[in-house]
Amino acid sequence: RGGANSWYDPHGEHAPPADRDGHGTHAMSLAVGRDSGGSAIGMAPDAQWIAVKMFNDAGFSRESVMHQSLQWVLDPDGDVSTDDAPDVVNLSWAVATVNFCNRVFQDELDVLRASGIAVVMSAGNSGPGVSTSISPANNPGQLSVGSVNDLSMVSAFSSRGPSACDGGLFPVLVAPGENVLAADLSFGGMPVYATVAGTSFAAPHVTGAMALLMSAVPTATLPVLESALKASAIPMETDGALSQAGPGLIDTLAAYRAVLAGIGSAWNPEP
């Protein structure tokens, strides 16, 4: 998006947007990227992006910084009279040990969602065993995303439920996250791409899908959009236990049609 309200580095290492690791670049490109020829490699290539550098160049952060980062998202320019908050937030990280419920960020996540901001989280890479959920993706009410491969099978590394927080279904959705093409760090302006794997790269597919739905049906509420994505997901056979994977693989077009059909009771389409 550009401007002072579109980049925040709480560590004070980089005034302009910067990525020394590549993880953020990979994830963002899968949500909104185009390749060097103009073709889409991301789900919503006409969308704009903003970012918080939650982890420093060494790959570390502090809990206080993470709280600060999530709170910045609510009001990037610090002026409540302007509307510059994002529509969707992608969180491709985890803070807790496997099969443990850490609700330290639950308040911020609830406030974001109550503000109409969708939050999409990677489900973790601790599979294939059951009871391998991670926080904050396993916190109640979160849109957690696992990974599938090109055969539409849940990736071996993708974490499975049930959720350590409420015993519910985990993850909620799955999306491509294994051997997918993403933008990589560029040196000297040359277009560089990488093949990546991880639930960190499945989540941006759902982030981009949510952005498309918000653009296509701007009057739909967030609960309706979330319900449409879940209800229209393609059921999958996974390890003989569907409950380990979630409702299924996202189908953005089917979700759009479900929204138009007025899925759920929270929204009725205009005549």
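Report on the accompanying structure. This one's a predicted model, so the numbers in the text were calculated from it and none came from an experiment.

1. So, the pairing of strand 4 (residues 118-122)
Thinking step 1. When you tally the buried positions in strand 4, you get five out of five residues, the bulk of the element.
Thinking step 2. Residues of strand 4 alternate between two faces, with Ala118, Val120 and Ser122 on one and Val119 and Met121 on the opposite face, all of them buried.
Thinking step 3. In the classification by handedness, the crossover that spans strand 3 (residues 88-91), the intervening helix 3 (residues 106-114) and the parallel strand 4 is right-handed.
Thinking step 4. Relative to strand 5 (residues 143-148), strand 4 runs parallel, the two being bridged by three bridges. Bridge assignment links Met121 to a residue of strand 5, and that residue is Ser144.

2. Observations concerning the packing of helix 5 (residues 222-231) against helix 6 (residues 252-260)
Thinking step 1. Running from N to C, helix 5 and helix 6 cross one another at 130 degrees; their axes reach a closest spacing of 8 Å. Relative to helix 6, helix 5 is oriented oblique. Between helix 5 and helix 6 lies a crossing whose hand is right-handed. Judged by residue contacts, Val224, Leu225, Ala228 and Leu229 of helix 5 engage Ala255, Ala258 and Val259 from helix 6.
Thinking step 2. Split by residue class, the contact of helix 5 with helix 6 holds seven nonpolar, no polar and no charged.

3. Description of the sheet that holds strand 5
Thinking step 1. Read from one edge to the other, the open sheet built from four strands follows the order 3-4-5-6, with strand pairing classed as parallel. Pairing within the sheet leaves two strands with one partner each, and these edge strands are strand 3 and strand 6 (173-176). Between one strand and the next, the sheet's axes are offset by a mean angle of 35 degrees, whatever the strand orientation.
Thinking step 2. Note that strand 3 and strand 4 share four bridges and pair parallel. If you follow Leu91 over to strand 4, its bridge partner there is Met121.
Thinking step 3. Sheet strands touched by helix 4 (residues 199-216): strand 3, strand 4, strand 5 and strand 6. Its angle to strand 5, the strand with the most contacts, is close to 120 degrees.

4. Considerations on helix 2 (residues 63-74)
Thinking step 1. Between its terminal C-alpha atoms helix 2 stretches 18 Å, which fits the 16 Å expected from twelve residues at 1.5 Å a residue.
Thinking step 2. Among the residues making up helix 2, those that are buried are Val65, Met66, His67, Ser69, Leu70, Trp72 and Val73.
Thinking step 3. Looking at the buried residues of helix 2, the elements they touch are strand 1 (7-8), strand 2 (51-52), strand 3 and helix 3.

5. Observations regarding the side chain of Ser122
Thinking step 1. Examined against the element boundaries, Ser122 turns out to sit in strand 4.
Thinking step 2. The exposure class assigned to Ser122 is buried, which follows from its relative accessible area of 4%.
Thinking step 3. Here Trp93 takes part through its backbone nitrogen, which lies 3.5 Å from a polar atom of the side chain of Ser122.
Thinking step 4. If sequence neighbours within four positions are ignored, Ser122 has contacts with Leu91, Ser92, Trp93, Ile134, Ala137, Val145, Thr199, Ser200 and Ala203.

6. Focus on the pattern of salt bridges
Thinking step 1. Throughout the structure, instances matching the rule amount to four salt bridges.
Thinking step 2. Close ionic contact of Asp57 with Lys53 constitutes a salt bridge, the shortest N to O distance being 2.8 Å.
Thinking step 3. The exposure class assigned to Lys53 is buried, which follows from its relative accessible area of 9%.

7. What to know about the nonpolar core
Note on soluble globular proteins: their nonpolar side chains tend to be buried together.
Thinking step 1. Ranked by internal contacts, the top residues of the largest apolar core, which has 27 residues, are Leu173, Val206, Met210 and Leu229.
Thinking step 2. Every element with two or more residues in this core is listed here: strand 4, strand 5, strand 6, helix 4, helix 5 and helix 6.
Thinking step 3. In contact with Met210, other than residues within four places in its own chain, are Val88, Ala118, Leu143, Leu222, Leu225, Glu226 and Leu229.
Thinking step 4. Val73, Val89, Phe105 and Leu109 belong to the second largest nonpolar core, which has 20 residues in total.

Cut-offs applied
Residues numbered from 1 in each chain as written. Predicted model: local features only at pLDDT ≥ 70, side-chain atom pairs only at ≥ 80, totals over all residues. Heavy atoms only, no water. Buried < 20%, exposed > 50% of the residue type's maximum accessible area, 1.4 Å probe, protein only. Helix = DSSP H or I, 4+ residues; strand = E, 2+ residues; numbered from the N terminus. Right-handed = clockwise from strand over helix to strand, strands pointing away. Pairing = 2+ DSSP bridges. Axes fitted to C-alpha atoms, helices over the stretch in contact; angles between N-to-C directions. Parallel < 35°, antiparallel > 145°, perpendicular 65-115°, else oblique. Left-handed = near helix turned anticlockwise from the far one by under 90°. Contact = heavy atoms within 4.5 Å. Nonpolar A, V, L, I, M, F, W, Y, C, P; charged D, E, K, R; others polar. Expected span 1.5 Å × (residues − 1). Polar contact = N/O pair within 3.5 Å; in protein donor to acceptor, adjacent residues only side chain to side chain. Salt bridge = Lys/Arg side-chain N within 4 Å of Asp/Glu carboxyl O. Core = buried A, V, L, I, M, F, W, Y, C linked by side-chain atoms within 4.5 Å.

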